[in-house]
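Notes for the structure review
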Amino acid sequence: MNNKTAALKAAFPHTIPVMTGYLVLGAAYGILMDSKGFSLLWIIIASVFVYAGSMQFVSVALLAAGFDPLGALLMTLAVNARHLFYGISMLHQYRGTGRMKPYLIFSLTDESFSILCSAKVPEGVKEKWFYLFVSLLDHIYWIIGSILGGILGSLININTKGIDFVLTALFVVILINQWQSTKNHLPVIIGIASAILCRLLFGASDFIIPSMVCILLCVTILKKPMERGKVR
Amino acid sequence: MNYTTTQLILFFVIVALGTFFTRALPFILFPENIPIPRFMKYLADILPYTIIGLLVVYCLKDINLTQSPHAIPEAISIVVIILLHIWKKNTLLSIGGGALLYMILIQSVFV
């Protein structure tokens, strides 16, 4: 028990930025679903079982376009392809996590991953409990946010335009932390440059998969020099 | 939107399973009894440093440089976040301050 409390205490501060972002963005999702006439039940089902921020927003648009199961599947795979990189990165860390492993994998969102790949688990804290609490807290924030949005949707009237910038800010901050934590800046530069290049070439809706291919090519070609200048 | 309950359930099952599949695939390909190949370990070390940059660009994917306000609110906010974070090293302050500034900029300055 003590073990878990220590892990929860260690995990919570790391999740605070995500809490801000998820409560707000989750609420935005709830408001959007509510405005399309979906009941709270569907909002909760989506946030509990799909649990993927951008995909949930995309799925509202998909539903608006009409019922197309195959199209929905292909769109889901395309929008979420970036998750493959998270899985590859967490393969080693998630070994030996036992029964909680399926949940840890299920809940590997952009934001949870960004915390888990960079956070240092304090000494004396069991890693797998730390991973679990970061993932679970983030999931809870998302669910609560979307419920609040679904309920308050039509009641509150504040201008939330631009509030999704919270997540941009979160990623920028993580990027700065990564930049300062290592002398080898090449991987960060490869990531940004590939993404910008592919965004310009392929457009806003189709650049993620080309970017991933481009990143994979670059880091494969540069494996030798990269390993000489060890990143970690 | 006129959907039957069955259609909606089917829709969310597809989206949920599709999402889970993209998260689970690496773990399916490399179950615990298989040693992780050296190349995959290398990727695991390097990819987190590349993907966050991709996520930042992903967040900014809809900006348009040729149309007013020419992504100036985004540029100002990100510069402020960077300076604030290098100066104070306070994650919450950097994120909260940056997002608030951005909201003010697009709601009342660059309308």
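Nothing here was measured: the structure is a model prediction, and the numbers come from that model. (Residues numbered from 1 in each chain as written. Chains lettered and ligands numbered in written order. Predicted model: local features only at pLDDT ≥ 70, side-chain atom pairs only at ≥ 80, totals over all residues. Heavy atoms only, no water.)

We now examine the state of the cysteines. Residues and elements named next belong to chain A. The tally for this structure, following the rule as stated, stands at 0 disulfides over all chains. Free of any disulfide, Cys218 has its nearest cysteine sulfur in Cys214, 4.4 Å distant. Owing to a relative accessible area of 24%, Cys218 belongs among the partly exposed residues under this scheme. (Disulfide = S-S within 2.5 Å. Buried < 20%, exposed > 50% of the residue type's maximum accessible area, 1.4 Å probe, protein only.)

With 100 residues of chain A in contact, the opposing surface of chain B contributes 71 residues. Remark: the boundary between chain A and chain B carries 2 salt bridges. With a closest N to O distance of 4.0 Å, A:Glu227 and B:Arg38 form a salt bridge. If you look at where chain A meets chain B, you find 19 residue pairs in polar contact (both at pLDDT 80 or more). Each residue belonging to the side of chain A that touches chain B can be placed in one class, and the counts come to 62 nonpolar, 27 polar and 11 charged. (Contact = heavy atoms within 4.5 Å. Salt bridge = Lys/Arg side-chain N within 4 Å of Asp/Glu carboxyl O. Polar contact = N/O pair within 3.5 Å; in protein donor to acceptor, adjacent residues only side chain to side chain. Nonpolar A, V, L, I, M, F, W, Y, C, P; charged D, E, K, R; others polar.)

If you trace the backbone, A:His83 turns up in helix H5 (residues 83–90). In this structure A:His83 comes out as buried when scored by relative accessible area, which is 1%. (Helix = DSSP H or I, 4+ residues; strand = E, 2+ residues; numbered from the N terminus.)

The next thing to look at is the pattern of salt bridges. All told, the structure shown has 5 salt bridges over all chains when counted by the stated rule. With a closest N to O distance of 2.8 Å, A:Arg82 and A:Asp110 form a salt bridge. In this pair, A:Arg82 sits in the loop between helix H4 (69–79) and H5 while A:Asp110 sits in helix H7 (residues 110–116), placing the two residues 28 residues apart along the sequence. Here B:Glu32 makes a salt bridge to A:Lys101, at a shortest N to O gap of 2.8 Å. You can see B:Glu32 sitting in the loop between helix H1 (5–29) and helix H2 (38–59) and its partner A:Lys101 sitting in helix H6 (residues 101–106), one on each of two chains. Within this structure, A:Lys223, A:Glu227 and B:Arg38 form a network of salt bridges that share partners.

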